[in-house]
Amino acid sequence: MTFKTKLAFALLLLLWSCNEQSSKEDAVLEQKTETIKKYIDIAKDSTQLSLTERKQFLKLAQELAFSFSNDTLRLDQFSNISLAYKSIGDSVEFRHTNAQLLEMAEESKIHKVSGYSHWDLADFFQNKGILDSSFYHYQKALKNFEFLPVDDTSRSLKARMLYGMGRIQDAYKDYLGAEISITSALKIFNELGDVNRIYNCYNMLGIIASGLDNSEMALEYYQKAGSYIDRLNASDKIRNAEQNQNNIAHEFLKKEDYPNAKEAFSKLLQSKNIKTDNPELYSLALTSYAYSIFKSEKNYAQASELLNKTIKINDSIKYSFDQPRAKQYYAELKATQGDTIRALQYAQESRSLAKATYNNDRLLEVLHLLTKLDTNNAVAYSNEYYDLNETIKIEERTKRDKFARIRLETDEVIQENVLLTRQKQIWLGAALGLILLVAAFLIIVTQRIHNNKLKFKQKQQESNQEIYNLMLSQQGKFREGKQLEQKRISEELHDGILGQMLGIRLILSGLNEKDDETSVEQRADLIEKLREVEEEIRTISHELSDASYQKFYNFIVSLEDLISDISKSSGIACSFTYSPKIDWDHLQGDLKINIYRIVQESLQNCVKHAQCNNIAVSFEVDGDMLGLTISDDGIGFDVNKGKRGIGLRNVTSRVEKINGILKINSTKGEGTTIAINIPNGYVKLNDHLGNVVKHRQTINV
């Protein structure tokens, strides 16, 4: 299967999986994450693929990671991809993706991701031997982890960065700085109960003390570290036990306590499988054991045999770093035996190997030995020793100063960032204050405008009320005169005509005593006619008197006149139905003027647009609500289509003013009904007859 086929197959699997779970966002995210993990695993583990093909899978993973909308998830995936480039040995792409990751993390202020990115760079530079850059990134990682919420994880991360910094400081013989870093890390690991790292810290403190030539303190730290070995994980016990024993033995050797050194190295060499599992440590211990025998027992034969064996092992396993020491010890042994030629030969070989491996500490010791072995060139060796020693001191001092500068520059950058953050906060506060000030000004201006509008609206309502009251007053006077006239006519009919007609009827009744048949019939007819006239006049009188008696108020009169005028002018039959139990004149003035205008506007709309023959206007009462209904039998219209005209907009506006609810029901060809429910504003029911009126009064206009 070619790479393209594999790639297409993988994409098809991805698309199929995504389509299956597209309805659930969480499932899609999980699917993307799993796909990225598969791409990364293929790139890291598929050694049968070429480097180019493995990088292609990581490119696909990058493209998929970019699709994450969540910054944290996207950066987590980028971090994994960056490490994958590192694991396959592509340092260029590792640096490139790591730089992208750092930029995005710093822009989003996600300190955890920034810290891990700097940590990856620190490990990368440490493996490359660029320790100053490694130290810089360890410190940057530490500063980022300090921004995280304080918990066991963040504290452990900070301690691990301190431990990494301490190891680099020790490598450059910045023992004081190393001791401070490791001690700070140890304090945190002790609080967390992290046994493995507590062991590492005590072991490192022993190495630092040894570098300070404080063997007693070094042995104390090593023994403290050894006390934690039994509590370590089973997989780490043997390796750490051998490391701890070697450090203790080496410290005895360094302080020239050769008997204890011999015993300690002997114990180390008895460790099971050390020769096969850790041949470099076995060779190192064997060299030291041979030298301890040479120094403590003067057993030259055994020491010579063991050193020869060590030299051969180093050649076989290509352990070039410790080979100069083995040959130096062998040169010392031969010199003690009086074999100056071979001693000089091995010393020269040790010198060459020390130079080749940049083992300056070993080179200094070999040069010191050569000044004794080769007296002819002792001055030259002595000068070389002096120059190298001075160079080493200068380099160590420069590196210590460099670490100090790195710490100082990092702290200065942090202080500058803090200052910039404060300045930014000040400017932000000032801008926010200005915005609030402008907003307050706009609110005040807007409120004043709104208040002026309300005042104008109130004045307008007062003007409308005054106009309406004047109109009602005029109509009231007219209606009052009309009612007085009706009452006068009623009284005239009742007291004048009716009395005269009664007298005539009585006279005719008297004449009716005549016996002739014709007179009798005529008089009977006349009497009947007079009785009918009398009855008719009485009926008219009662009706006029009753109309005068009943109290029809001006609001209803105004509506009747309005409906009557529109009916006469348009030729449309209009009816007006209302409940007589409402004291209509006690409705609020603003309510009456708006109802009047709503009826007026609705009737005008019927005349203009409805093409109807009949219009019905009615008032009903339902609990605390007044119901106004205006219906026609016209052509109707589609309520849901088209724009409403200015008439309906006016009706809607007035309904809103009186807190009413407007409903328009219309069907093409079946007419239109406008129903308005209004919170009533009347004061009392009108029941001047002493009965609750249950029927509705109907007036056909």
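Details of the structure are given in the entry above.
Attention in this report is confined to the structure presented alongside it. (Residues numbered from 1 in each chain as written. Predicted model: local features only at pLDDT ≥ 70, side-chain atom pairs only at ≥ 80, totals over all residues. Heavy atoms only, no water.)

**Overview of the pattern of salt bridges**
When the charged atoms of two side chains lie near each other, side chains of opposite charge can form a pair. The test is simple: Every case where a carboxyl oxygen of Asp or Glu lies within 4 Å of a side-chain nitrogen of Lys or Arg is listed as a salt bridge. Helix and strand definitions here come from DSSP, where helices need a minimum of 4 consecutive H or I residues and strands a minimum of 2 consecutive E residues; each element is numbered from the N-terminal end. With a 1.4 Å probe rolled over the protein chains alone, any residue whose accessible area is under 20% of its type maximum counts as buried; one over 50% counts as exposed, and the rest are partly exposed.
For the structure on display, the rule yields 16 salt bridges. Among the salt bridges present, the one from E93 reaches K59, with a minimum N-O distance of 3.6 Å. In this pair, E93 sits in helix α5 (residues 91-108) while K59 sits in helix α3 (residues 51-66), placing the two residues 34 residues apart along the sequence. For K59, a relative accessible area of 32% gives the class partly exposed. R325 is paired through a salt bridge with D322; the nearest N and O atoms lie 2.8 Å apart. Relative accessible area serves as the criterion here: at 6%, R325 is assigned to the buried category.

**Some points on unusual backbone geometry**
If you check the backbone angles, K173 has positive phi at about 60 degrees while not being a glycine. Within the chain, Q611 stands out as a residue other than glycine whose phi angle is a positive 55 degrees.

**Structural notes on the packing of helix α23 (residues 589-610) against helix α24 (residues 646-657)**
Inclusion rule: Under this scheme, a helix contributes an axis fitted over its contacting stretch, all axes are lines through C-alpha atoms, and angles between N-to-C directions fall in the 0 to 180 degree range. Oblique is the label for every angle not falling under 35 degrees (roughly parallel), over 145 degrees (roughly antiparallel), or within 65 to 115 degrees (roughly perpendicular). A crossing counts as left-handed when the near helix is turned anticlockwise from the far one by less than a right angle, and as right-handed when that turn is clockwise. The contact rule is simple, with two residues in contact once any of their heavy atoms fall within 4.5 Å. Side-chain classes follow a simple rule in which Ala, Val, Leu, Ile, Met, Phe, Trp, Tyr, Cys and Pro form the nonpolar group, Asp, Glu, Lys and Arg form the charged group, and the remainder, Gly included, forms the polar group.
Running from amino to carboxyl end, α23 crosses α24 at an angle of 160 degrees, the nearest separation of the two axes being 10 Å. Accordingly, the angle class assigned to the pair α23 and α24 is roughly antiparallel. At the point where α23 passes α24, the crossing takes the left-handed sense. Contacts between α23 and α24 pair N594, R597, I598, E601, S602 and N605 from the former with G647, L648, N650, V651, R654, V655 and K657 from the latter. Considered class by class, the residues forming the contact of α23 with α24 number four nonpolar, five polar and four charged.

**Concerning the environment of L306**
In this structure, L306 sits in helix α16 (residues 300-317). Measuring from C-alpha to C-alpha, the distance between L306 and Y289 comes to 8.3 Å, with 17 residues separating the pair along the chain. The residues contacting L306, other than those within four sequence positions of it, are L286, Y289, A290 and I293.

**With respect to the pairing of strand β3 (residues 625-632)**
Applicable threshold: Strand pairing is assigned whenever DSSP detects at least two bridges linking the two strands.
The sheet contact formed by strand β2 (residues 614-622) and β3 spans eight bridges and is antiparallel. Opposite E620, over in β3, you have G627 as the bridge partner. Two successive antiparallel strands, β2 and β3, enclose a turn made up of two residues, where G623 displays a positive phi of approximately 65 degrees. For β3 and strand β5 (residues 671-679), the ladder comprises eight bridges, and the chain directions are antiparallel. Its bridge partner being in β5, L626 is matched across the sheet by I678.

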